[in-house]
Amino acid sequence: MSPKSAELPTDVVPPYWDEACKHLIKRDRVMKKLIPQFGEARLQSHGDAFATLARSIIGQQISVKSAQATWERWIKLMPAKLQPAQVLALTVEEQRAAGLSVRKVDYLRDLAEHFAAGSVHVRQWAQMDDEAIIEELVAIRGIGRWTAEMFLIFHLMRPNVMPLDDVGLLKGISLNYFSGEPVSRAEAREVGDAWAPYRSVAVWYIWRSLDPLPVDY
């Protein structure tokens, strides 16, 4: 079995979405008002694991526009489809010329080395819980807990992720549940308790309340 066999095909919609919406509308007054506003919009998963994580590293601390331009230049360095071996074959100078910092070049190499060595167990992820996957991902330089949680939501489409380090989530909870008053992580966690076992879906709608255009990772 190849590592890709456990991954999701492009443009997959979570099978639990409709059930989650019904659950959240029944359990939560804010979700009851929020969810109907976005009609048939759904979370979708794109691409493969390695490309998704590489893209998240390239996009760190720069604008979306800059990240897209840098990504496109970097991808053109590959003689074939993006694979860990292709990245390991690139020189630092080539990647610097594409607009990457020395640190990001180092992060991308570490990511490629982890995938090439099988240090991330892509084929086993379907059987692993969220925290075990996060533990594997944060061992890669340049990937912190927030990035790992975004990966769980947007790539693996795990239904019950609560990214308490996400500024947008805290802002959205503040506006929707606390009349704009600042909220602590503990207060946000308490709000999220009512969303279980579909926290990821509620988080997605909270993000939509701030920006109607879906985030694409």
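Located above this text is the structure these notes cover.
Residues numbered from 1 in each chain as written. Predicted model: local features only at pLDDT ≥ 70, side-chain atom pairs only at ≥ 80, totals over all residues. Heavy atoms only, no water.

K.L.:
I'd like to hear about the overall build of the chain, residue by residue, with values.
P.N.:
For the chain, the helix and strand inventory stands at 12 helices and zero strands. Along the chain direction, N to C, the helices and strands of the chain fall in the order α-α-α-α-α-α-α-α-α-α-α-α. Taking 2.2 N^0.38 as the reference for a compact globule, 217 residues should give roughly 17 Å; the C-alpha atoms of the chain span a radius of gyration of 18 Å, in line with that estimate. Oriented by its inertia axes, the alpha-carbon framework of the chain measures out at about 55 × 35 × 30 Å. Here the chain holds 217 residues, and the buried ones make up 45% of them. In the chain, 67% of the contacts between residues at least 6 apart in sequence involve partners at least 24 apart. Element-wise, carbon and sulfur atoms account for 54% of the exposed surface of the chain, whose accessible area totals about 11300 Å². Here the chain carries 26 positive and 27 negative side-chain charges, and the mean point of each set is 3 Å from the other. (Helix = DSSP H or I, 4+ residues; strand = E, 2+ residues; numbered from the N terminus. Rg over C-alpha atoms; globule rule 2.2 N^0.38 Å. Buried < 20%, exposed > 50% of the residue type's maximum accessible area, 1.4 Å probe, protein only. Contact = heavy atoms within 4.5 Å. Areas by Shrake-Rupley, 256 points an atom, 1.4 Å probe, with all protein chains shown as cover. Lys, Arg positive; Asp, Glu negative; His and termini not counted. Charge placed at Lys NZ, Arg CZ, Asp CG, Glu CD.)

K.L.:
Outline unusual backbone geometry, supporting the account with residue identities and numerical values.
P.N.:
The linkage connecting Ala196 with the following residue, Pro197, adopts the cis geometry, with an omega of 5 degrees. Mapped onto the fold, Pro197 is located in the loop between helix H11 (185-193) and helix H12 (199-210). You will see that Gln61, though not glycine, has its phi angle at about 60 degrees, which is positive. A residue is classified by how much of its surface remains accessible, and Gln61, at 84% relative accessible area, is exposed. Notably, Met157 is not glycine yet its phi reads approximately 55 degrees, a positive angle. By the element assignment, Met157 lies in the loop between helix H9 (145-154) and helix H10 (167-177).

K.L.:
Residue-level account of the packing of aromatic side chains, with values.
P.N.:
Applying the stated rule across the entire model yields 10 aromatic pairs. Judged by centre distance (6.1 Å) and plane angle (55 degrees), the rings of Tyr177 and Trp195 are tilted. A residue pair is termed long-range when its members are at least 10 positions apart, and Tyr177 in helix H10 and Trp195 in the loop between H11 and H12 qualify at 18 residues. Since its relative accessible area comes to 15%, Tyr177 is described here as buried. The class for Trp195 is buried, based on a relative accessible area of 0%. Taken together, a centroid distance of 5.1 Å and an interplanar angle of 90 degrees make the contact between Trp204 and Tyr205 edge-to-face. The two residues Trp204 and Tyr205 agree in class, both being buried. Three or more aromatic residues link up through ring pairs in this structure, and these residues are Trp17, Phe38, Trp204 and Tyr205. (Phe/Tyr/Trp six-rings, centres within 6.5 Å; stacked < 30°, edge-to-face > 60°.)

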